[in-house]
Amino acid sequence: MSTTQPIRNPQQLAQLKEYYLSEKPNTRNYMLIIMGLNTALRISDILNLTYGDLYDYRKKEWKSHIAVKEQKTGKPNRIYMNREIRGILEKYTSPAQQEPDSWLFTGQKSTESHLSRCQAFRIVKAAGRYAGLNENISCHSLRKTFGYHAWKQGVAPALLMNIYNHSTYQITKRYLCIDQDDRDEVFAKIRI
């Protein structure tokens, strides 16, 4: 049985993001990839986002945080909208032309429903193939990629555990998918 993996290679990660931007332009799909990589949310929580979750219609400005109640755990979560998220929202969306309860990721056939999990999987899988990630890539790879790269940039695993809303450190360790190359890198850098 294969396990979903994070996208470790920076070039492959860049290609994954580039696929729906320039190779096969599709704004919705590009936004889905960027949101998945930058929020650490599960795909079910991303697909349920509405414009009202992101935009303050009273103040006529983007919110600073995305507040969600996670579907899987029922736990509340607040995600800071970093410049990557803000950038795609400002460039590709017009919240003033949308109702607050309009889906951010609408289905292809109707704006009355959001994109399905199955279609989201196909979107991520196609971008993954383009990036040379033919195996072990799924929507969950986006969530794991966030944690892996945060860890590589020095974020403490305990903080990642909190961000992911994991109940145990063991779960977070599995998410990071530390492999032999990561271990070798530690040994190569240490000088005692």
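Everything that follows concerns the structure shown earlier in this document.
Keep in mind the model is a prediction, meaning the values are calculated, not measured.

Asker: I tried to follow the environment of Asn77 on my own but got confused; where do I start?
Answerer: Positionally, Asn77 belongs in strand β4 (residues 76-80). Each C-alpha atom of the pair Asn77 and Ala120 lies 22 Å from the other, and the pair is 43 residues apart in sequence. Every residue in contact with Asn77, bar those within four places of it in the chain, is listed here: Leu41, Ile66, Ala67, Val68, Glu70, Ile163 and Asn165. Side-chain polar atoms of Asn77 contact the side chain of Glu70, separated by 2.8 Å.

Asker: Honestly, the pattern of salt bridges in this entry has me stumped. Any pointers?
Answerer: When the charged atoms of two side chains lie near each other, side chains of opposite charge can form a pair. Under the criterion given, the structure shown has three salt bridges. Across the pair Glu70 and Arg42 runs a salt bridge whose closest N-O atoms are separated by 3.3 Å. Of the two residues, Glu70 sits in the loop between β3 (65-69) and β4 while Arg42 sits in the loop between α2 (27-39) and α3 (43-47), which places them 28 residues apart along the sequence. For Glu70, a relative accessible area of 2% corresponds to the buried category. Salt-bridge contacts for Glu185 lead to Lys189; the nearest nitrogen and oxygen are separated by 3.1 Å. Taken together, the positions of Glu185 and Lys189, both in helix α10 (residues 180-189) and four residues apart, correspond to about one turn of that helix. A single salt-bridge network, built from bridges that share partners, covers Lys152, Glu185 and Lys189.

What counts as what
Within every chain, residues take consecutive numbers counted from 1 along the sequence as written. Two thresholds apply to this predicted model, a pLDDT of at least 70 for residue-level local features and 80 or more for giving and counting side-chain atom pairs, whereas whole-chain, interface and lining totals are computed over all residues. The basis for the side-chain values is all heavy atoms of the structure; hydrogens and waters are excluded. Secondary structure follows DSSP: runs of H or I at least 4 residues long count as helices, runs of E at least 2 residues long count as strands, and numbering of each begins at the N terminus. Between two residues, a contact is recorded if the distance between any of their heavy atoms is within 4.5 Å. The definition of a polar contact used here is a pair of N or O atoms within 3.5 Å, where within protein one atom must be able to donate a hydrogen and the other to accept one, and adjacent residues in sequence count solely through side-chain atom pairs. Salt bridges are defined as contacts in which a side-chain nitrogen from Lys or Arg sits within 4 Å of a carboxyl oxygen from Asp or Glu. Relative accessibility thresholds used throughout: buried, under 20% of the residue-type maximum; exposed, over 50%; partly exposed, between the two (1.4 Å probe, protein chains only).

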